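Chain by chain, the residues:
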Amino acid sequence: MSPGATVGADDSVRLFLALEVPDDVSQQLRAWGEHHLDHGRRVDTYHVTLAFLGRQPRAVVDPVADVMRHEAAAIEPFQLAIARYRETRSVGMLVLDDPSGRASTLATRIHVGLEEIGAYERERRPWLPHLTVLRFRERPRLAPPLPEIAAFAPSGVAALLSRLHRTGARYEVLQWCPLGG
């Protein structure tokens, strides 16, 4: 992710909110992936998506960031732990355990706040904290050992711009805030 992205006033943006993963955890995930994810395309940046808003007018960024800051300030810091590996039809992920329930509470509060400003429609399935680690066209049906990474505290919450490229999405931080104010 690159910090401090800017977007022109008339542009639309592909926007999402996410918990940021500390640098040391990202480095450990990259090293683990190099050894255990031998099919598909490994990702090189990690985050825990709280809400994917999709294509939005640029004008929504500040109200969305206001919701993000307000809700992040109301949640005490917490830890997440790697629980299991899972594959969907297009991604491999590490599902995370949320022992305090604070990550799930934050996601729910953000979803409600974004719905109130008309920027989001909640998915039918429940929010699942996870780290995407692999993308693929055909499911490789891997069963890698879990990375030996201790429970970690997200380093903050970010509003991210997603730019699609032929090699995959690239993310830029539009706004960032800490947890717990």
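In every chain, residue numbers begin from 1 and rise along the written sequence. Given that the model is predicted, a residue must reach a pLDDT of at least 70 before its local features are reported, and side-chain atom pairs must reach 80 or more before they are shown or counted; all residues, however, enter totals for whole chains, interfaces and linings. Computation of side-chain values covers all heavy atoms of the structure but excludes hydrogens and water.

Participant: Residues and numbers for helix α2 (residues 61-73), please.
Facilitator: A run of H or I in DSSP becomes a helix once it reaches four residues, and a run of E becomes a strand once it reaches two; helices and strands are each numbered from the N terminus. For a helix, the expected span equals 1.5 Å multiplied by the residue count minus one. For α2, which comprises 13 residues, the first-to-last C-alpha distance of 18 Å matches the rise-based estimate of 18 Å (1.5 Å per residue) to within 8%. Within α2 the residues assigned to the buried category are Val-61, Val-64, Ala-65, Val-67, Met-68, Glu-71 and Ala-72. The buried residues of α2 occupy an angular sector of 155° when projected down its axis, which confines them to one face. Only protein chains enter the calculation, and the probe is 1.4 Å; a residue is then buried if its accessible area is under 20% of its type maximum, exposed if over 50%, and partly exposed in between. Within this analysis, the arc is defined by the directions that extend from the helix axis to the C-beta atoms.

Participant: Tell me what's going on with the environment of Ser-162, and back it up with residues and numbers.
Facilitator: Secondary-structure assignment places Ser-162 in strand β7 (residues 156-165). Measuring from C-alpha to C-alpha, the distance between Ser-162 and Asp-11 comes to 13 Å, with 151 residues separating the pair along the chain. We call two residues in contact when some of their heavy atoms are within 4.5 Å. If near-sequence neighbours (up to four positions away) are discounted, Ser-162 is found in contact with Arg-14, Phe-16, Ala-169, Arg-170 and Tyr-171. Of the polar contacts made by the side chain of Ser-162, one reaches the side chain of Arg-14; its length is 2.6 Å. Nitrogen and oxygen atoms within 3.5 Å of one another constitute a polar contact, given that in protein one can donate a hydrogen and the other can accept it, and given that sequence-neighbouring residues count only through two side-chain atoms.

Participant: Describe the pairing of strand β1 (residues 12-20), naming the residues involved and giving the relevant values.
Facilitator: On a regular strand, each side chain points to the face opposite its neighbour's, so the side chains alternate between the two faces of the sheet. Of all nine residues making up β1, seven are buried, and the element is well covered by its neighbours. The pairing criterion is simple: DSSP has to find at least two bridges between the two strands. Inspection of the sheet shows β1 paired to strand β3 (residues 47-57) by nine bridges, in the antiparallel sense. Residue pairing for β3: Leu-15 is matched across the bridge by Gly-54.

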